[in-house]
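# Summary of structural features
Spelled out, the chains give:
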Amino acid sequence: MTILRIIALVIYITVCSTIGIITLPFDRNHNIYFWLSRVFPWGILKISGVKIVATGKENIDVSRAYVYVPNHSSLFDIPVMQLSVPNRMVMIFKKELGKIPFFGWQLVLGPYISVDRKNPKSGMQSIEEADRLLNERKYSVLLFAEGTRSKDGEVHEFKRGAFYLAVKVKHPIVPVTLVGSRERANAGGKFKIVPGTVYVHYDKPIYPPEGNIGKKEELELMATVRNKIIENKERMEREYFGR
């Protein structure tokens, strides 16, 4: 069944990406692109047999932009965030993804932000672009502050370089907690699509301090966001899985 689902996913991703590539030159306000960013994850999750239960959306003012910082342990985290987030959101993706035929091409052409993690200058350019989208377009930004997927499901230490963007752009940070997504794609330590439910919680926004932020304040803010995610993760695992 997993093989059939993967084949269906490849076809679906190619079709959606192709539509995005064709329409982007005429889609200056990204209306079609963001419509696709809802259709795309809906189909991914539908084919995979994955459902979403989202809470905390009442904490989000859809008229303003945020930096969403979730924990990250599964390939399903991105489509779950895309489908459940209540406002327009772009994500920062590593440059290598842009080389994937169709899917990567639409990432590069769209409003999403590419970063070369080996090039510090690229990191600063990503911050500047995210700041522009947050302020001018009111697009929220998705940021995985752990830097990569957690292999054991635990919330690992945030990378200061990754979290730096959240501090630099001076927009409220929303701690987002995902539970159940790792179980949907990592059964038995191997990649295997397992139908089920992913639970996502949007906590209250945390506002960075006013004025210049030094290293001390930055680390304190980073710890506050991470601890809130862990706190909610433990609560949700008890509530939904009895752990």
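Just so we're clear, the structure is a prediction, and the values are computed from it rather than from any experiment. (Residues numbered from 1 in each chain as written. Predicted model: local features only at pLDDT ≥ 70, side-chain atom pairs only at ≥ 80, totals over all residues. Heavy atoms only, no water.)

Here we take up the packing of helix H2 (residues 31-48) against helix H3 (residues 77-84). For any two helices packed against each other, the geometry is given by the interaxial angle and the distance between the axes. H3 packs onto H2 with a crossing angle of 130 degrees between their chain directions and a minimal axis gap of 8 Å. Considering their axes alone, H2 and H3 lie oblique with respect to each other. Crossing of H2 over H3 shows left-handed handedness. Contacts from Ser 37, Arg 38, Phe 40, Pro 41, Trp 42, Ile 44 and Leu 45 in H2 reach Pro 79, Val 80, Gln 82, Leu 83 and Ser 84 in H3. Residues belonging to the contact of H2 with H3 are distributed by class as follows: 8 nonpolar, 3 polar and 1 charged. (Axes fitted to C-alpha atoms, helices over the stretch in contact; angles between N-to-C directions. Helix = DSSP H or I, 4+ residues; strand = E, 2+ residues; numbered from the N terminus. Parallel < 35°, antiparallel > 145°, perpendicular 65-115°, else oblique. Left-handed = near helix turned anticlockwise from the far one by under 90°. Contact = heavy atoms within 4.5 Å. Nonpolar A, V, L, I, M, F, W, Y, C, P; charged D, E, K, R; others polar.)

Moving on, we get to the packing of aromatic side chains. Applying the stated rule across the entire model yields 9 aromatic pairs. Here Phe 34 and Tyr 139 contribute two aromatic rings whose centre-to-centre distance is 4.9 Å and whose plane-to-plane angle is 70 degrees, an arrangement assigned as edge-to-face. Placement of the pair is Phe 34 in helix H2 and Tyr 139 in the loop between helix H5 (120-137) and strand S5 (140-142), with a sequence separation of 105 residues. There is no split in this pair, since Phe 34 and Tyr 139 are both buried. Just above the ring of Tyr 66 sits the side chain of Arg 64; from NZ or CZ to the centre is 5.8 Å. (Phe/Tyr/Trp six-rings, centres within 6.5 Å; stacked < 30°, edge-to-face > 60°. Buried < 20%, exposed > 50% of the residue type's maximum accessible area, 1.4 Å probe, protein only. Lys NZ or Arg CZ within 6 Å of the ring centre and 35° of its normal.)

A regular strand carries its side chains on alternate faces of the sheet. For strand S6 (residues 173-179), the tally of buried residues reaches 7 of 7 residues, placing the bulk of the element in the interior. Alternating positions in S6 separate into two faces, Ile 173, Pro 175, Thr 177 and Val 179 on one and Val 174, Val 176 and Leu 178 on the other, with burial throughout. Relative to strand S7 (residues 196-202), S6 is paired through 4 bridges, and the arrangement is antiparallel. Bridge pairing in S7 links Val 176 to Tyr 202. (Pairing = 2+ DSSP bridges.)

Time to look at helix H8 (residues 215-241). For H8, with 27 residues, the first-to-last C-alpha span of 38 Å sits near the 39 Å given by 1.5 Å per residue. For H8, the full list of buried residues reads Glu 218, Leu 221, Met 222, Val 225, Arg 226, Ile 229, Asn 232, Lys 233, Met 236 and Glu 237. Positive backbone phi, approximately 65 degrees, marks Gly 242, located one or two places after H8. (Expected span 1.5 Å × (residues − 1).)

Of note, Val 15 is situated in helix H1 (residues 2-23). The class for Val 15 is partly exposed, based on a relative accessible area of 43%. Distance from Val 15 to Met 91, taken between C-alpha atoms, is 21 Å for residues 76 residues apart in sequence.

The 7 strands are arranged S1-S7-S6-S2-S5-S3-S4 in an open sheet whose pairing can be described as mixed. Each edge of the open sheet is held by one strand with a lone partner, namely strand S1 (50-55) and strand S4 (113-115). Across the sheet, the mean angle separating the axes of adjacent strands is 25 degrees when strand polarity is ignored. The pairing of strand S3 (residues 89-94) with S5 spans 3 bridges and is classified as parallel.

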